[in-house]
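Read off the chains here:
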Amino acid sequence: MVDCPNFVEEILVEILLRLPIKSIVRFKAVHSSWLSFLSSTEFTLEHLRRNKANATYKYGVVGVENITPRSSSLSFRNLVTVTKDDIAVMKIKQVKHIARVYGSCNGLLLVQKIDELVVWNPSTAEYKSVRTFNFVTFYNLVNHNNPIFGIGYDDLNDNYKIIFGVISHSSKSEVEVYSMKTGSWEKKVYNFPYIVSESSCTTLANGTPHWIGRRADRYEKVVLFFDTIKEEFKELVLPQYYGEFDQRISVLDGDLCLATSDGSFVKVWVMKEYDMVKSWCKLDINYPLHPDGIRPYRFFFMPVGFANDDNQVVIEFNKKAIAIYGRIRNNRIGYRDVVHLQIGVAAYIETLVSPNYNSHSQHKFL
């Protein structure tokens, strides 16, 4: 990377790995060799490994801002404060709103904006369009069918994958899988005897996307996941006595979280060891069902993270708002609503993973 002794370069690499994302992005402009090194697969993976080990999630709302007749910007606004450092990137031509955020994996958000599926890293301001649609066709497809969207990571082949399909639970379903490494879609046909509750996915720290739904032939709730290596849909077993009224899933400190309600209170479960039914653990999390000052949404108050040494819980309100509450006194500390052209909430970790993943250069560590 630079003309200096090996031990000096090792120290320099260690310093760079500890820097905030914005500093690393700025340093790419120092020299072409720095750009090559800081964009390399090896540096990106090592930075990702460290960030996941010390996962500090960002929470907030995604929306459209700076609207003009010709363009606008997609932004991510932090939960607690609105500052000059808020992210406002990704120009959108002649668009007044976007539909929703469909998932998050290793710092990448899967976003649908009108007639297009986009993978966006709000930390680095990079994005890539992976699929375009006829708007009317897409609108009818999403609103009158049972679609699923997902984003996940195949760690065996170091490849990010996007899942998109329209589910026909009475027959075979055609699902398309996009490889970010090859930049291509592949159509696959699955037997899919399920009805999913939500189109968007919940992707865990292991890179596996999940959906909650039920069997089409009987009312039995299941958690589905997509094996990104074998490219197969599989099931996870829910905990016993998990509740019968309504259920949602989220990521809580990288683990699968299941929140259930009987209409009067919420129980929260976490799968501590993945795909081990005995590892479901019921948590003691106390937060209000009808918080003061927040517009009443039909459903659902979902824990998505902890803050301040686990003394605070971050709560999502039916993908319409997000707030921080103290776990002991149950007092609201921070709050951000989804208003006007803000279309969803998101939780992600800051990474250097590029949506243009197949363009990473190779650079060996010392």
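Here, the structure is the one placed above.
Please read all numbers here as calculations on a predicted model, not as lab measurements. Throughout, a residue's number is its position along its own chain's written sequence, starting from 1. Reporting in this predicted model follows two pLDDT cut-offs: at least 70 for local features of residues, and 80 or more for side-chain atom pairs to be given and counted; totals over whole chains, interfaces and linings ignore these cut-offs and use all residues. Think of the side-chain values as coming from all heavy atoms in the structure, minus any hydrogens and water.

It is worth spelling out helix H4 (residues 41-53) at this point. The terminal C-alpha atoms of H4 lie 18 Å apart, and with 13 residues this matches the ideal 18 Å at 1.5 Å per residue to within 8%. All buried positions along H4 are accounted for by Thr 41, Glu 42, Phe 43, Thr 44, Glu 46, His 47 and Leu 48. A helix here means a DSSP run of H or I that spans at least four residues, while a strand means a run of E at least two residues long, and both kinds are numbered starting from the N terminus. By definition here, a helix of n residues has an expected span of 1.5 Å times n minus one. Each residue is assigned to one of three classes by its accessible area relative to the maximum for its type, calculated with a 1.4 Å probe on protein chains only: buried under 20%, partly exposed between the two thresholds, exposed over 50%.

What follows deals with the environment of Ile 21. Residue position: Ile 21 is located in helix H2 (residues 21-27). You can call Ile 21 buried: its relative accessible area is 3%. Distance in space between the C-alpha atoms of Ile 21 and His 47 is 9.7 Å, their sequence separation being 26 residues. Whether two residues touch is decided by their heavy atoms; if any such pair falls within 4.5 Å, the residues are in contact. Beyond its immediate chain neighbours, meaning those up to four positions away, Ile 21 contacts His 47, Ser 123, Thr 124, Glu 350, Thr 351 and Leu 352.

Right, let's talk about the state of the cysteines for a bit. Note that a disulfide, as used here, is simply two cysteine sulfur atoms within 2.5 Å. Applying the stated rule across the entire model yields zero disulfides. Note on Cys 105: no disulfide assigned, nearest cysteine sulfur contributed by Cys 201 at a separation of 8.1 Å. According to the relative accessible area criterion, Cys 105 is buried, its value standing at 2%. Its relative accessible area of 10% is what places Cys 201 among the buried residues.

Moving on, we come to the pattern of salt bridges. Salt bridges are defined by distance alone: a side-chain nitrogen of Lys or Arg within 4 Å of a carboxyl oxygen of Asp or Glu. Enumeration according to the criterion identifies 13 salt bridges in this entry. For Glu 14, the salt bridge goes to Arg 18, with nearest N and O atoms at 3.1 Å. Taken together, the residues Glu 14 and Arg 18, both in helix H1 (residues 6-18) and four residues apart, mark about one turn of the helix. Judged by relative accessible area, Arg 18 falls into the exposed class, the value being 64%. Among the salt bridges present, the one from Glu 231 reaches Lys 188, with a minimum N-O distance of 3.1 Å. Here the residue Glu 231 occupies a position in the loop between strand E15 (221-227) and strand E16 (232-236), and Lys 188 occupies one in strand E11 (residues 184-191), the gap between them amounting to 43 residues.

Strands belonging to one sheet form pairs held by backbone hydrogen bonds; the direction of such a pair is parallel or antiparallel. In this analysis, strands are considered paired if DSSP registers two or more bridges between them. The strand order across the open sheet built from four strands is E8-E9-E10-E11, with neighbouring strands paired in antiparallel fashion. The open sheet has two edge strands with one neighbour each: strand E8 (147-154) and E11. Averaged over all pairs of adjacent strands, the angle between strand axes in this sheet comes to 25°, irrespective of strand direction. Sheet topology places E8 next to strand E9 (residues 159-166); eight bridges connect them, and they run antiparallel. Opposite Gly 152, over in E9, you have Lys 161 as the bridge partner. The axes used here are C-alpha line fits, helices contributing only the stretch in contact, and every angle between their N-to-C directions lies in the interval 0 to 180 degrees.

A few words now on the pairing of strand E18 (residues 255-261). Sheet faces and side chains relate simply in a regular strand, where the side chains alternate between the two faces. Within E18, six of the seven residues are buried, which leaves the element mostly enclosed by the surrounding structure. Where strand E17 (residues 246-252) meets E18, seven bridges bridge the pair, whose relative direction is antiparallel. Bridged to Arg 248 within E18 is Ala 259. Linking E17 back to E18 in an antiparallel pair, the connection comprises two residues, with Asp 253 at a positive phi of about 55°.

For Phe, Tyr and Trp, rings pair up if their centres lie within 6.5 Å, where Trp contributes its six-membered ring, and each pair is then called stacked (planes under 30 degrees apart), edge-to-face (over 60) or tilted (otherwise). Per the stated rule, a full pass over the model turns up twelve aromatic pairs. With 3.8 Å between their ring centres and 15° between their planes, Tyr 102 and Phe 149 make a pair best called stacked. You can see Tyr 102 sitting in strand E4 (residues 100-105) and its partner Phe 149 sitting in strand E8, a full 47 residues away along the chain. Ring centres of Phe 192 and Tyr 194 lie 5.3 Å apart, and the angle between their planes is 85°; on these two criteria the pair is classed as edge-to-face. For Tyr 194, a relative accessible area of 10% gives the class buried. Only when the NZ of Lys or the CZ of Arg is both within 6 Å of the ring centre and within 35 degrees of the ring normal is a charge said to sit over the ring. For Arg 131, the ring lying beneath its charged end belongs to Trp 185, and the centroid distance is 5.4 Å.

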